[in-house]
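# Structure assessment
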Amino acid sequence: MQNTKQIPEPNRCEPAVYEYKKSSYADIYDVLQSLRKDEFFCDIKLKTDDGVVIFGHKVVLASASPYFHAMFTNFSEKNQDLVVIKELDSSALHLLIDFIYSGKIIITESHVQVLLPAANLLQLEEVKEACCDFLQAQLCPTNIIGIIALADLHSCTKLLASSELYIQQHFSEVVEEEEFLLLSSEQIVKLISSDVLTVPSEEKIFESVVRWVKHDLDSRKQILPKLMEHVRLPLTSKDYILEKVLEEPLFKNCLECKDYVIEALHFHLLKSDELIAIPHNIRTKTRQPGGINNVILVAGGEGNGNEVLDTTEWYDPKLNQWQSGPKLITPHSGGGLAVVKDSNIVLYIGGFNNSRSICQSVYLLDLSSELPSWKPTVDMLIKRNYLGVGMINNRVYAVGGYDGKSYLNSAEVFDCRTQKWRLIPRMSSRRSGVGLGVLNDLLFAVGGFDGISQQRLKSVECYDPGLDKWTPIAEMSLGRSSVGLGVLDGTLYAVGGHDGFNVHRSVEAYRPSTGVWTTVADMHLCRRGAGVAVLDGLLYVVGGSDGSSVLDSVECYNPNTNTWTMVTASMNVPRNCAGVVAIESPRHFKTSWYS
């Protein structure tokens, strides 16, 4: 039977393309390695200082190592069949040539110290990195100094960073080893000047410095003053200074060292109010192992039942925990907290006590003390309750409030250097329950109550210390008294408050660049008298009252997402009108406190 089905013919013939890719090159390298060992087709011999000769193929070595590539293409060695490589260990070179041909290398403790410099010379980055990983896994107090030296010599930046972090975290163990005594003066200075050094006390650092100097007294005794500049003697106890430091023979003929001792003793003899006035330096700054950890400190306030509180507590966002802090001297509410710049000092300003007497008192908390406690310092000129507190440079501002008889438009400033309060020009409005924020070295007094009408204030005014003048700016959309105020990323946030009738959950933001207030997302809860603190790019709102009960809850605002999140850890007690501020976590803050 005849087949009538037609097979279609292509219009035109096109060249076909088919790609095949070899799945592995291992067999090729096995052949090359075999040829090298049998010395077939080898066109280069590498000779080390000890006379060992290793055969190879220029094209293979040049393909793997930039060092060999440059040697065989640009330098005189390209026309030679024997090259002497000086100052290179023959066993290390043998291992590296094997690696080039096989892609495998075994690193052991016995040869890593010669293998790393050889890999660095030949620019075999994979092997260099593998050596660094090996050394990093071997870090311990007995070898850390040698590994740091090795990493620094061969520009192993990652290994150097991890080694320096190790020595910071294990300082007490490392200084007991003999290797510690071999550090250079530059390395010692870099180590003991670190703010994140983990040590049980500054006494340990002082003793390690003395031990290092005495190891080579003749050449090192002149370096002692430079080292003592970084020993934080004021943070040691007075008894230790008198019994150990003053009696140290190295200090007998060192006038500069004696100056540091006098500075430390003077620091211990200062009264609480004088602590604010002294210029703070690196020797009075508490070290922060693991880096600076900011926490929120909350002081005083009113609890449920209108009880005035003397307790304080602090919140660590990394642990999501509240811990008890040192108690106030007497119960206080309605005051404000401020942190003195470049110091470890917190001030609690104004408010009223448990007998409802309005205060002009100021209390100081020295966070660098081994047993931080509140102490009285210089009183304000005027009694102030429900005031605003702000800090610009080394000046503390107390603005507005209520003195028991009048709602205040006055304001005053405390100069930490002169230890004196003085009045500044009055605001245009009386403001109690005012929110106060500092932005671009300007004070912003927001809202409040003037005592004249039932309506709370929408108005805002700005004080410029350079001009010594208050200027009105744009009003908020709502009247807000007992308003919380925070400053985050160049923006003022007015949080909650009440208008005489209702407690708000709404929030408004003011940006000087636009000159207007705009609404942002509402809080979860209505709050008046809440404290506000800024921590790690978030705005925390703490406690307050919802109009019927005092709150122990906390929520935080993320400006990037315009959302509020309830913090799962609540305060130990509900607090309204408490002082709230962000501080660097002092090492002496404990998980439990004396009462």
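Source: prediction; values computed, not measured.

What counts and what doesn't
Residues numbered from 1 in each chain as written. Predicted model: local features only at pLDDT ≥ 70, side-chain atom pairs only at ≥ 80, totals over all residues. Heavy atoms only, no water. Helix = DSSP H or I, 4+ residues; strand = E, 2+ residues; numbered from the N terminus. Rg over C-alpha atoms; globule rule 2.2 N^0.38 Å. Buried < 20%, exposed > 50% of the residue type's maximum accessible area, 1.4 Å probe, protein only. Contact = heavy atoms within 4.5 Å. Lys, Arg positive; Asp, Glu negative; His and termini not counted. Charge placed at Lys NZ, Arg CZ, Asp CG, Glu CD. Phe/Tyr/Trp six-rings, centres within 6.5 Å; stacked < 30°, edge-to-face > 60°. Lys NZ or Arg CZ within 6 Å of the ring centre and 35° of its normal. Expected span 1.5 Å × (residues − 1). Arc of directions from axis to C-beta. Pairing = 2+ DSSP bridges. Axes fitted to C-alpha atoms, helices over the stretch in contact; angles between N-to-C directions. Salt bridge = Lys/Arg side-chain N within 4 Å of Asp/Glu carboxyl O.

## With respect to the overall build of the chain
Secondary structure assignment for the chain yields 16 helices and 29 strands. What you see for the chain is a C-alpha radius of gyration of 35 Å, clearly larger than the 25 Å of a compact globule of 595 residues, by over 25%. With 595 residues in all, the chain has 50% of them scored as buried. Counting contacts in the chain only where the partners sit at least 6 residues apart, residues at least 24 apart contribute 56% of the total. Here the chain holds 56 positive side-chain charges and 71 negative ones, and the gap between their average locations is 6 Å.

## What about the packing of aromatic side chains?
What the rule picks out here adds up to 17 aromatic pairs. Judged by centre distance (5.2 Å) and plane angle (45 degrees), the ring pair of phenylalanine 414 and tryptophan 421 falls under tilted. Judged by centre distance (5.3 Å) and plane angle (40 degrees), the ring pair of tyrosine 510 and tryptophan 517 falls under tilted. Tryptophan 517 carries the same exposure label as tyrosine 510, and that label is buried. Members of the aromatic cluster, joined through ring pairs, are Tyr67, Phe68 and Phe72. Directly above the ring of phenylalanine 449 sits arginine 456, whose terminal nitrogen or CZ lies 3.9 Å from the centroid.

## Quick look at helix H6 (residues 125-137)
Taking 1.5 Å of rise per residue, the 13 residues of H6 would be expected to cover 18 Å, and the 18 Å separating its terminal C-alpha atoms lies within 8% of that figure. Looking only at H6, the buried set comprises Val127, Lys128, Cys131, Cys132 and Leu135. Summarising the axial view, the buried residues of H6 lie within an arc of 140 degrees, below the 170-degree limit, and thus occupy one face. Opposite its buried face, H6 presents the exposed residues Glu126 and Ala137, each directed more than 90 degrees away. For H6, the secondary structure elements touched by its buried residues are helix H4 (90-102), helix H5 (112-122), helix H7 (144-153) and helix H8 (157-169).

## What about the sheet that holds strand S13 (residues 388-392)?
On the basis of which strands lie adjacent, the open sheet formed by four strands has the order S13-S14-S15-S16 and antiparallel pairing. Each edge of the open sheet carries a strand with a single partner, namely S13 and strand S16 (420-424). Neighbour-to-neighbour, the strand axes of the sheet open up by a mean angle of 25 degrees, direction not taken into account. Where S13 and strand S14 (residues 395-399) come together, five bridges link them in antiparallel fashion. What sits directly across from methionine 391, in S14, is valine 396.

## Regarding the pattern of salt bridges
If you walk through the whole model with that rule in mind, you get 16 salt bridges. Residue glutamate 313 pairs with arginine 575 through a salt bridge whose shortest N-O separation is 3.0 Å. Taken together, the positions of glutamate 313 in strand S5 (residues 312-316) and arginine 575 in the loop between strand S28 (563-566) and strand S29 (579-584) put the pair 262 residues apart, joining distant regions of the chain. Across the pair, arginine 575 and glutamate 313 agree in class, each one buried. Glutamate 555 serves as the salt-bridge partner of arginine 527, at 3.0 Å between the closest nitrogen and oxygen. Taken together, the residues arginine 527 in the loop between strand S24 (516-520) and strand S25 (531-535) and glutamate 555 in strand S27 (residues 554-558) connect sequence positions 28 residues apart. This pair shows no difference in class: arginine 527 is buried, exactly as glutamate 555 is. Through salt bridges with shared partners, a single ionic network connects Asp195, Arg232 and Lys285.

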